[in-house]
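One letter stands for each residue in the lines below.
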Amino acid sequence: MAFNQLSATDLIFKMDTSFSFIGNLISIPRGIVSDAGITKWQLGYGLTPLKNLRVGIAYQRTYFKNNWLRYIKNDITLSDSLVDSTNVTLSSNGFSGGVMYTIDKLTLGLSGKVYAKGNLSVKNSSWGVNRYVDTAEVPKEKIVRTGSSGEATLAPVLSLGASYKLSPAWLVAADVDITFWEQFR
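Residues numbered from 1 in each chain as written. Predicted model: local features only at pLDDT ≥ 70, side-chain atom pairs only at ≥ 80, totals over all residues. Heavy atoms only, no water.

### Examining the overall build of the chain
Thought 1: Within the chain, the regular secondary structure consists of zero helices and nine strands.
Thought 2: Along its sequence from the N terminus, the chain presents helices and strands in the succession β-β-β-β-β-β-β-β-β.
Thought 3: Every one of the 185 residues in the chain was classed for burial, and the buried ones make up 21%.
Thought 4: For the chain, the share of sequence-separated contacts (at least 6 apart) that also reach a separation of at least 24 residues comes to 59%.
Thought 5: Accessible surface for the chain amounts to roughly 12700 Å². Of this, 62% is attributable to carbon and sulfur atoms. (Helix = DSSP H or I, 4+ residues; strand = E, 2+ residues; numbered from the N terminus. Buried < 20%, exposed > 50% of the residue type's maximum accessible area, 1.4 Å probe, protein only. Contact = heavy atoms within 4.5 Å. Areas by Shrake-Rupley, 256 points an atom, 1.4 Å probe, with all protein chains shown as cover.)

So, in structure tokens, the structure goes:
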């Protein structure tokens, strides 16, 4: 049984731009907030049917999220306040399996991952206040929300590896992963 955080991105960026305009100091705060990452949990079983052969299979659940928020406040232009956010989530089931065979000091391995269709959700939201400086109109607030959902299938992965035991203290190993992106839907 395993839990993996494969990637994580946490970003908070804030910048204030200031300038003088007709004797007044104007400040424009801007910022970006991002919370993203991939987590996975697995439950698997392995066995050794022959002395030098190991076989394993695992069920896995994968979660992806990318939450992004951008804001700007500007006191002198038509669009003086804006908050824009995009939230993307994906959850998918999959299976991974592998086989490993040892011949004396050499070990060879082959494994793969396949995924079922997962649930994909995208939500966007924008909030803004527009000020019309050249008229007597009151600032107007506007909120726009959109969203969609559907299915996505993650790309399968094939992994090949080999290791050679030079001595009890030294092991040389190499592996390669092949992701079949043309099957990503």
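### Comments concerning the environment of Arg185
Thought 1: With respect to the helices, strands and loops of the structure, Arg185 is situated in the segment after β9 (171-179).
Thought 2: Among residues more than four places away in sequence, those in contact with Arg185 are Glu151, Ala152 and Thr153.
Thought 3: Within polar-contact distance, the side chain of Arg185 engages the backbone oxygen of Glu182 at 2.6 Å. (Polar contact = N/O pair within 3.5 Å; in protein donor to acceptor, adjacent residues only side chain to side chain.)

### Section: the layout of surface pockets
Thought 1: Each pocket or cavity is described by its volume, and for the largest pocket that value is around 330 Å³.
Thought 2: The class makeup of the residues in the lining of the largest pocket is nine nonpolar, three polar and two charged. (1 Å grid on protein atoms, 1.4 Å probe; cavity = no way out; pocket = protein on both sides within 12 Å on 5 of 7 lines; lining within 4 Å. Points joined across faces, edges and corners; volume = space filled by probe spheres on them. Nonpolar A, V, L, I, M, F, W, Y, C, P; charged D, E, K, R; others polar.)

### Quick notes on a nonpolar patch on the surface
Thought 1: On the surface, Tyr45, Leu47, Val55, Val99, Leu110, Leu160, Val176 and Ile178 cluster together to form a nonpolar patch covering roughly 650 Å² of accessible area.
Thought 2: Listed by contribution, the elements that provide at least two residues to the nonpolar patch are β2 (24-50) and β9. (Patch = residues over 30% accessible without salt bridge, like charges linked within 9 Å, V, L, I, M, F, W, Y side chains within 5 Å. Salt bridge = Lys/Arg side-chain N within 4 Å of Asp/Glu carboxyl O.)

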